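Chain by chain, the residues:
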Amino acid sequence: MTQRIAVLGATGSIGDSTLAILAAQSHQYEVYALSGHHRLDKLFALCQQFLPKRVSVPTAAVDDFAKRLSSAGLDIDVVGGEQGLIEIATDSQTDTVVAAIVGAAGLPSTLAAARAGKRILLANKEALVMAGKVMIDAVKTHHATLLPLDSEHNAIFQCLPSAIQQDNTQIHQSEHGVRKLWLTASGGPFLQQSFAQMQQASVAEAVKHPNWSMGQKISVDSATMMNKGLELIEACHLFDLPEDKINVVIHPQSIIHSMVEYSDGSFLAQLGSPDMKTPIAHALAYPNRIDSGSQPLDLYALSGLEFIEPDLQKFACLRLARQAMQAGTQATIVLNAANEVAVAAFLNGQVRLTDIANINEQALTDIQLPPLSAAADIEDILAIDQIARHLTDKLVMKLVQ
Ligand code: NDP
Ligand code: MG
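Residues numbered from 1 in each chain as written. Chains lettered and ligands numbered in written order. Predicted model: local features only at pLDDT ≥ 70, side-chain atom pairs only at ≥ 80, totals over all residues. Heavy atoms only, no water.

## A few points about the coordination of the magnesium ion (ligand 2)
Next, step 1: Bound to the magnesium ion (ligand 2) are the protein donor atoms D150 (OD), E152 (OE) and E231 (OE), situated 2.1 to 2.2 Å from the metal.
Next, step 2: Here the donor residues for the magnesium ion (ligand 2) map to a single chain with the spacing D-x1-E-x78-E. Here D150 is found in the loop between β7 (145-148) and α7 (151-159), whereas its partner E231 is found in helix α12 (residues 226-239), with 81 residues between them in sequence. (Donors = N, O, S within 2.8 Å, 3.2 Å for Na, K, Ca; no water. Helix = DSSP H or I, 4+ residues; strand = E, 2+ residues; numbered from the N terminus.)

Encoded structure:
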């Protein structure tokens, strides 16, 4: 039976990789729905290529986009805004939701997919950073399936016993001898450069990742190592472990995508070319395997694999992520929101790359909120997100003046 797929964030980098696999495997998968935000010409071209049944665009663009599709003879239902994304994510015809919107904007639709009991292929790590408990509870209560696309989390998933994989990947209570998780990090474009050089980095230098080709926000996050910080928080929720059970190691070659350390001393690792098509194909086909179209790893061509302990002074964002995880969900929401604002300010040329960590730290210090109650829901989370964005905007304005 064909799996009907909704790709939320179809116009982005994860969207590209997903649609390349779906195009090559069209006998198994149907592209049921797509979404885009700014890149609507690209979305239009994708509609012509994949002929989805539904498409979501920003509310203000619905009428024009619908006219454009119908003039081209395409009969596609156009929905708009956050509600449109939720409609697609919860549509009874949607089997699998690829959650590939960047940032907090992806949270409501990803959570809606969980509450509708869908199979979710999760790239949108910010959803777990902001609302890990709410998301995981929804997955469990509504018998959804959460499969990580983030290469590190997908690697760990693959290295876990199938009993844990099938129990929503929750390790905490298990007796399978998992001692630690090891998240690998490339170290980004500034690994070999001094902090002073990093201070002078241009936007073009910061988004030029040595191994991976990704969207702008995650590329900046990789340069500051905030990406690894967000992934640490993501891993805590996904695998139900405290942050001190998760280590980060810099592995500049990005060949080992992460590891699980067991109590008998075994380290299980997943290796592959740095290409997101591999984890996406894994999650699409799980528990089976399909061709991802990625270049197989050439072991003879590898000259060596290195492992380095991260410098937490240079990469302060990683330290802040641990600190926020220890402080609680309210702090991880603040950190995520502050970081989104700070990264946007860097991309707009308003602040330096190294200011991002300072802004994030200042936001965590200034915005002291009581811990969220166990009954906190998405409205409470989004309220904190808004407060944090507002106050971080002010911090950025102070720096700009
Ligand atoms: P991109 O910037 O390439 O794509 C982001 C997608 O989200 C685009 O389709 C964009 O639409 C859409 N979008 C942006 N803002 C909004 C909004 N406000 N409302 C609705 N849609 C919106 O990012 P990536 O593909 O690189 O990353 C997507 C997610 O996957 C992120 O959370 C990232 O952390 C995660 N991830 C990415 C990896 C990668 O290799 N790229 C690896 C691991 C995780 P449009 O382009 O039309 O504006
Ligand atoms: Mg990753």
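## Section: the packing of helix α11 (residues 216-224) against α12
Next, step 1: Remark: α11 packs on α12, axes separated minimally by 5 Å, with the N-to-C direction vectors making an angle of 95°. Taken together, the axis directions place α11 and α12 in an arrangement best described as roughly perpendicular. Here K217, I218, D221, S222 and T224 of α11 come into contact with α12, specifically with M226, N227 and L230.
Next, step 2: Residues that form the contact of α11 with α12 fall into these classes: 3 nonpolar, 3 polar and 2 charged. (Axes fitted to C-alpha atoms, helices over the stretch in contact; angles between N-to-C directions. Parallel < 35°, antiparallel > 145°, perpendicular 65-115°, else oblique. Contact = heavy atoms within 4.5 Å. Nonpolar A, V, L, I, M, F, W, Y, C, P; charged D, E, K, R; others polar.)

## Re the environment of V62
Next, step 1: Relative to the assigned elements, V62 resides in helix α3 (residues 62-71).
Next, step 2: Using a relative accessible area of 17% as the deciding quantity, one classes V62 as buried.
Next, step 3: C-alpha separation for the pair V62 and D77, spaced 15 residues apart in sequence, amounts to 9.9 Å.
Next, step 4: In contact with V62, other than residues within four places in its own chain, are V57, V78, V79 and G80. (Buried < 20%, exposed > 50% of the residue type's maximum accessible area, 1.4 Å probe, protein only.)

## Some details on the environment of K118
Next, step 1: Its place among the elements puts K118 in the loop between α5 (107-115) and β6 (119-122).
Next, step 2: Each C-alpha atom of the pair K118 and T90 lies 7.6 Å from the other, and the pair is 28 residues apart in sequence.
Next, step 3: Those residues in contact with K118 that sit more than four places away from it in its chain are A89, T90, D91, S92, T94, D95, V97, A113, A144 and T145.
Next, step 4: A polar contact of 2.8 Å, which involves the side chain of K118, links it to the backbone oxygen of D91.
Next, step 5: Only 2.7 Å separates the side chain of K118 from the backbone oxygen of T94, close enough to count as a polar contact. (Polar contact = N/O pair within 3.5 Å; in protein donor to acceptor, adjacent residues only side chain to side chain.)

## Here's the deal with the pairing of strand β1 (residues 3-8)
Next, step 1: A large share of β1 lies buried, amounting to 5 of its 6 residues.
Next, step 2: For the crossover from β1 across helix α1 (residues 13-24) to strand β2 (residues 29-35), the handedness is right-handed.
Next, step 3: Note: β1 against strand β5 (residues 96-99), 4 bridges, orientation parallel. Residue L8 lies in a different strand from β5, and its bridge partner there is A99. (Right-handed = clockwise from strand over helix to strand, strands pointing away. Pairing = 2+ DSSP bridges.)

## As for the sheet that holds β7
Next, step 1: Taken in spatial order, the 7 strands make up an open sheet running β4-β3-β2-β1-β5-β6-β7, and their pairing is parallel. At either end of the open sheet lies a strand with only one pairing partner, and these are β4 (77-80) and β7. Direction aside, neighbouring strands of the sheet carry axes that sit 25° apart on average.
Next, step 2: Of the pairings in the sheet, the one linking β2 to strand β3 (residues 54-57) comprises 3 bridges and is parallel in character. Residue pairing in the sheet places L34 in a bridge with V55 of β3.
Next, step 3: Packing of α3 onto the sheet brings it into contact with β3 and β4, and relative to β4 it is tilted by some 165°.

## Here we look at the layout of surface pockets
Next, step 1: In this structure, the second largest pocket spans a volume of roughly 470 Å³.
Next, step 2: As for the second largest pocket, its lining consists of 25 residues, and the residues nearest its centre are G132, K133, V134, H237 and T329.
Next, step 3: Breaking the lining of the second largest pocket down by element, the ones donating at least two residues are α6 (125-141), α12 and α15 (329-347).
Next, step 4: Looking at which element gives the most residues to the lining of the second largest pocket, the answer is α6, with 7 residues.
Next, step 5: For the lining of the second largest pocket, the per-class residue count stands at 11 nonpolar, 8 polar and 6 charged.
Next, step 6: Per-domain counts for the lining of the second largest pocket show at least three residues from each of domain 1 (3-148) and domain 2 (168-275 + 310-400). (1 Å grid on protein atoms, 1.4 Å probe; cavity = no way out; pocket = protein on both sides within 12 Å on 5 of 7 lines; lining within 4 Å. Points joined across faces, edges and corners; volume = space filled by probe spheres on them. Domains from an automatic or database assignment.)

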